[in-house]
Protein chains: 2
Amino acid sequence: MNPFTNDPGERISQWGENHLLGQILEWLGGVVPPAPEGPGEDCARIPGGIGRAITTDPVWYRRHFDDDLSPEAVGRKLVVRNLSDLAAAGARPEAGLLSLFAPDQTSRRWLQRCVESIGQTAAEYQLKIVGGDLSQTPSDLGLNLTVWGALDHPSPGRGKAEPGDTLWVSGQLGGSLLGPHWQFLPRLAEGDWLAASGSVTAMMDLSDGLAADLPRLLGQRGASLDLHLLPLRPEADIAAQRSGQPPWLHGWSDGEDYELLWALHHSIPPEQFLAAWTSRFKVPATCIGHVVERADRDALLQFVGDRIPPEGGGFQHFRP
Amino acid sequence: MNPFTNDPGERISQWGENHLLGQILEWLGGVVPPAPEGPGEDCARIPGGIGRAITTDPVWYRRHFDDDLSPEAVGRKLVVRNLSDLAAAGARPEAGLLSLFAPDQTSRRWLQRCVESIGQTAAEYQLKIVGGDLSQTPSDLGLNLTVWGALDHPSPGRGKAEPGDTLWVSGQLGGSLLGPHWQFLPRLAEGDWLAASGSVTAMMDLSDGLAADLPRLLGQRGASLDLHLLPLRPEADIAAQRSGQPPWLHGWSDGEDYELLWALHHSIPPEQFLAAWTSRFKVPATCIGHVVERADRDALLQFVGDRIPPEGGGFQHFRP
């Protein structure tokens, strides 16, 4: 049977990524355990005396990078986007498996520069590469990394935030494709500290943009947000000049921020938390709103003030 | 920089898979630990109280399967070829991560049938799917599985066979593409028992054919083989009728056998081993030769009798 179809109504691109993922989990059936053991977090768990978090992410030519990006940037991006998932689980990077999916016409020089950068970036983070795979594709070029790390503390995970918990982001958001999407520093020390605090009720990394990721963090809850509070990168301004949209909208929906998003238990005063954070980290932490009870599906997000984004936003593969 | 090149001399396809792998390991540099912790085995190791073996393998449309194969067969193949690597490490399957790499035109019906088969095959082997990833490719369709399993015993691994050790294969070889390449049963119970015996000095699974895989098992050693002893599948005869080559040559170099290949310590009499094996397993085990000292690079393989294969053989990605 041909796995491709000419009938537009039969294509997987008719579904958004979220719907497709739901379908795949349903098709897999009983072999998929419920979260937190199963899918739905930035990382899966490997149980044991020392628990581990494990995650897998690729980079694809013409999807995650193009000719404008140097091979060194591609290699760095592959490593740090995986480490960002470990950071969101509060895990300490240990080792990984690297897979190359490449067609015949792949350039040796390009590959050498990319793989050397993977090695150098992995070394920066004490990540060992202990195996992997090599396979030939008909035409697409991709690299996949699977990484795991030790969990010194339980991961906050998603969906357990309570009404009144405050919502925070690390760093700054928006305009990531102008450079930060491969230059960013995975928030490993910050994620470890947040997981160790015992005061964080939910945590994830921002890969698809706040607009798409915040609902994933909230699960059955809603949020009240003031988008005047969004910490914006200088690149969000540049992106705004090009797009004609306001910078805060880029911060809301651009994606590839690779910053942490977390909910802080309502018993912790924000100023107390911020003082502890600031004494430890140079990167800023910003409170952007709080978790609320949710009356119905439409009340997922409430916006304080005059910055109200359009529905949707954020990145989805296979956007219908 | 464009990762593709029009200059044939600059393409990675100028190198065979073995050379390309060596280059990649060199480029990665210091983050690659030596075997057995690092690459060079069927599985990598996750250390800990309960040690684990981990491996990753894809299936690509137009490389590992085509329109002749049903989506159910593709899903089954993805699972069992990964489990075969766990079997070679003597590991008990625990869980895995499933990644889908798919272009827009992928058929929902095809994907559903394939993924349902992945779920059913995983269930047969008590393998849980605990996470993964979904990404859109420009044109190629692939699925990747990363699986890990518990090691109740140290894995024999490769390269530690000694002169006089006997060489064995499970099952039958040859003609795999006529059906066995997705219908085979991963030799998990056999691999676990062989690893537990303490008498196996090296073990791997046959994925690229004896011709390509045996040198990998031997490392610095050589082997003396009698290809009259090769246990051949009925499919090797059918393949021979089509190719005009003798069936034993198909058993030697076809690949995708997914049987176990191991070296048994020279202190164990073959007939004693065979009696123990036969009392336990229905699948045959066959002694095909023994390990020898190697005088020089050219003396890797010696053939007893009149069945002498041509140089090379076996499957390599990126064959130059």
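Computed from a prediction, not measured in an experiment: that's the story for all the values here. (Residues numbered from 1 in each chain as written. Chains lettered and ligands numbered in written order. Predicted model: local features only at pLDDT ≥ 70, side-chain atom pairs only at ≥ 80, totals over all residues. Heavy atoms only, no water.)

Chemist: Please give an account of the relation of the copies chain B and chain A that cites residues and values.
Modeler: Two copies of a chain can be linked by a rotation about an axis combined with a shift along that same axis. It takes a turn of 180 degrees to lay chain B on chain A, together with a shift of 0.0 Å along the axis; the resulting RMSD is 0.0 Å. One copy is carried onto the other by what is essentially a two-fold rotation axis. The fraction of interface residues of chain B whose copies in chain A are also interface residues reaches 100%, indicating that both copies meet through the same surface. (Least-squares fit on C-alpha atoms with pLDDT ≥ 70 in both. Contact = heavy atoms within 4.5 Å.)

Chemist: Outline the side chain of Asp-226 of chain A, listing residues and values.
Modeler: All names here are of chain A. Topologically, Asp-226 is positioned in the loop between strand E8 (222–225) and helix H7 (234–243). For the buried Asp-226, no salt bridge is present, and the opposite-charge side chain at shortest range is Arg-307, 6.6 Å distant. Among the polar contacts listed, one links the side chain of Asp-226 to the backbone nitrogen of His-228, at a separation of 2.9 Å. Excluding its chain neighbours within four sequence positions, the residues that come into contact with Asp-226 are Ile-288 and Val-304. (Helix = DSSP H or I, 4+ residues; strand = E, 2+ residues; numbered from the N terminus. Buried < 20%, exposed > 50% of the residue type's maximum accessible area, 1.4 Å probe, protein only. Lys, Arg positive; Asp, Glu negative; His and termini not counted. Salt bridge = Lys/Arg side-chain N within 4 Å of Asp/Glu carboxyl O. Polar contact = N/O pair within 3.5 Å; in protein donor to acceptor, adjacent residues only side chain to side chain.)

Chemist: Could you give an account of the confidence of the model for chain A, naming the residues involved and the relevant values?
Modeler: Counting all residues, the mean pLDDT for chain A is 93, and 96% of those residues have values of 70 or more. The complex prediction reports pTM at 0.94, with the ipTM value standing at 0.93. (pLDDT = per-residue confidence, 0-100.)

Chemist: Describe the packing of helix H5 (residues 188–197) of chain A against helix H9 (residues 270–278) of chain A, naming the residues involved and giving the relevant values.
Modeler: Residues and elements named next belong to chain A. Close contact between H5 and H9 brings their axes to 12 Å; oriented N to C, the two are set at 135 degrees. With respect to their mutual orientation, H5 and H9 come out oblique. Considering how the two elements wind past one another, H5 and H9 form a crossing that is right-handed. Side by side, H5 and H9 meet where Glu-190, Trp-193 and Leu-194 of the first sit next to Phe-273, Ala-276 and Trp-277 of the second. Across the contact of H5 with H9, the residue classes tally to 5 nonpolar, no polar and 1 charged. (Axes fitted to C-alpha atoms, helices over the stretch in contact; angles between N-to-C directions. Parallel < 35°, antiparallel > 145°, perpendicular 65-115°, else oblique. Left-handed = near helix turned anticlockwise from the far one by under 90°. Nonpolar A, V, L, I, M, F, W, Y, C, P; charged D, E, K, R; others polar.)

Chemist: Give me the sheet that holds strand E11 (residues 301–303) of chain A: which residues, what numbers.
Modeler: Sheets are built from strands paired through backbone hydrogen bonds, the pairs being either parallel or antiparallel. All names here are of chain A. The strand order across the open sheet formed by 6 strands is E7-E9-E6-E10-E8-E11, and the pairing between neighbours is mixed. Sheet topology places strand E7 (200–205) and E11 at the edges, where each strand pairs with a single neighbour. Sheet twist, expressed as the average angle between the axes of neighbouring strands with direction ignored, equals 25 degrees. Pairing of E8 with E11, which is carried by 3 bridges, proceeds in the parallel orientation. Bridge assignment links Leu-225 to a residue of E11, and that residue is Phe-303. (Pairing = 2+ DSSP bridges.)

Chemist: Tell me about the packing of aromatic side chains, and please be specific about residues and values.
Modeler: Per the stated rule, a full pass over the model turns up 36 aromatic pairs over all chains. Judged by centre distance (5.8 Å) and plane angle (45 degrees), the ring pair of Trp-193 of chain B and Phe-273 of chain B falls under tilted. Placement of Trp-193 of chain B in helix H5 (residues 188–197) and of Phe-273 of chain B in helix H9 (residues 270–278) is noted, with a sequence separation of 80 residues between them. Each member of the pair, Trp-193 of chain B together with Phe-273 of chain B, is buried. Plain terms: the ring middles of Trp-193 of chain B and Phe-281 of chain B are 5.5 Å apart, the flat faces sit at 80 degrees to each other, and that makes the pair edge-to-face. With Trp-193 of chain B in helix H5 and Phe-281 of chain B in the loop between H9 and strand E10 (285–292), this pair connects stretches of sequence that are 88 residues apart. Residues Trp-193 of chain B and Phe-281 of chain B agree in their burial class; the two are buried. What links up through ring pairs into an aromatic cluster is the set Trp-168, Trp-193, Trp-262, Phe-273, Trp-277 and Phe-281 of chain A. (Phe/Tyr/Trp six-rings, centres within 6.5 Å; stacked < 30°, edge-to-face > 60°.)

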